[in-house]
Amino acid sequence: MGPNDVELVRVFTRMPGETIGDLTFPSTSNIDVVVEAEHGAALLGMAYQCGVIVRDLEDNQNIDVAVGTNPVTGAIGMGGDPWAAPGHQFPFTVPAANIALLAGHVCEVVAYMKVGAGPATDISFATSPRFIIEP
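Residues numbered from 1 in each chain as written. Predicted model: local features only at pLDDT ≥ 70, side-chain atom pairs only at ≥ 80, totals over all residues. Heavy atoms only, no water.

Chemist: Which parts of the structure should I look at to understand the packing of aromatic side chains?
Modeler: Aromatic rings in a pair are described by how distant their centres are and how their planes are angled relative to each other. If you walk through the whole model with that rule in mind, you get 1 aromatic pair. Between the aromatic rings of F25 and F131, the centroid separation amounts to 5.6 Å while the plane-to-plane angle is 90°, which identifies the pairing as edge-to-face. Residue F25 is located in strand 2 (residues 24-26), and its partner F131 is located in strand 11 (residues 131-134); the two are separated by 106 residues in the primary sequence. Overall, F131 belongs to the buried group, its relative accessible area being 3%. (Phe/Tyr/Trp six-rings, centres within 6.5 Å; stacked < 30°, edge-to-face > 60°. Helix = DSSP H or I, 4+ residues; strand = E, 2+ residues; numbered from the N terminus. Buried < 20%, exposed > 50% of the residue type's maximum accessible area, 1.4 Å probe, protein only.)

Chemist: Honestly, the nonpolar core in this entry has me stumped. Any pointers?
Modeler: One broad trend across soluble globular proteins is that nonpolar side chains are buried collectively. V33, V35, F90, M113, F131 and I133 are the most contacted members of the largest nonpolar core, which totals 26 residues. Elements represented by at least two residues in this core include exactly strand 1 (6-14), strand 3 (31-39), strand 4 (47-56), strand 8 (87-94), strand 9 (106-115) and strand 11. In terms of residue count, strand 9 provides more of this core than any other element does, 5 residues in total. (Core = buried A, V, L, I, M, F, W, Y, C linked by side-chain atoms within 4.5 Å.)

Chemist: Sorry, what's going on with the environment of S27 here?
Modeler: Secondary-structure assignment places S27 in the loop between strand 2 and strand 3. Taking the C-alpha atoms as reference, S27 lies 9.9 Å from H105; in sequence the two are 78 residues apart.

Chemist: Got a minute to help me understand the side chain of E108 in this structure?
Modeler: Mapped onto the secondary structure, E108 falls in strand 9. Non-local contacts of E108, meaning those with residues more than four positions away in its chain, are made with I53, V54, R55, L57, T127, S128, R130 and F131. (Contact = heavy atoms within 4.5 Å.)

Chemist: What's the story with the side chain of R14 in this structure? I'm lost.
Modeler: Mapped onto the secondary structure, R14 falls in strand 1. Reaching out from R14, the side chain makes a polar contact with the backbone oxygen of E18 at a distance of 3.2 Å. Excluding residues that lie within four positions of it along the chain, R14 makes contacts with T19, I20, G21, D22, F25, I31, D32, V34 and Q89. (Polar contact = N/O pair within 3.5 Å; in protein donor to acceptor, adjacent residues only side chain to side chain.)

Below is the structure:
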């Protein structure tokens, strides 16, 4: 990765409060979505936007996501807090209420990271492993 690049390292799902990924979730629990990103040194201080689309592959529709505790969407400067280091995890939550009726459905997450503006914009995409909602 060069100094002007941003890279989504991985996107994964996990049970709330856990640190490792999971692929099976009860329809009564929230799902944590984590986007791991890295950027080159030249991108410090530039505006960025990180986002996720959670897809229900069974019904071909999006599942609403809540923003995590860290600022993750919108044009936010990368210099200083919260993204002072070259790598960072961006958390999102899929509320249990949004998956309550999706037992048996297979889903996936598409994540994106956009840094900069105009011709200097760098974009990266990543897709999570598929996961399933259980009763």
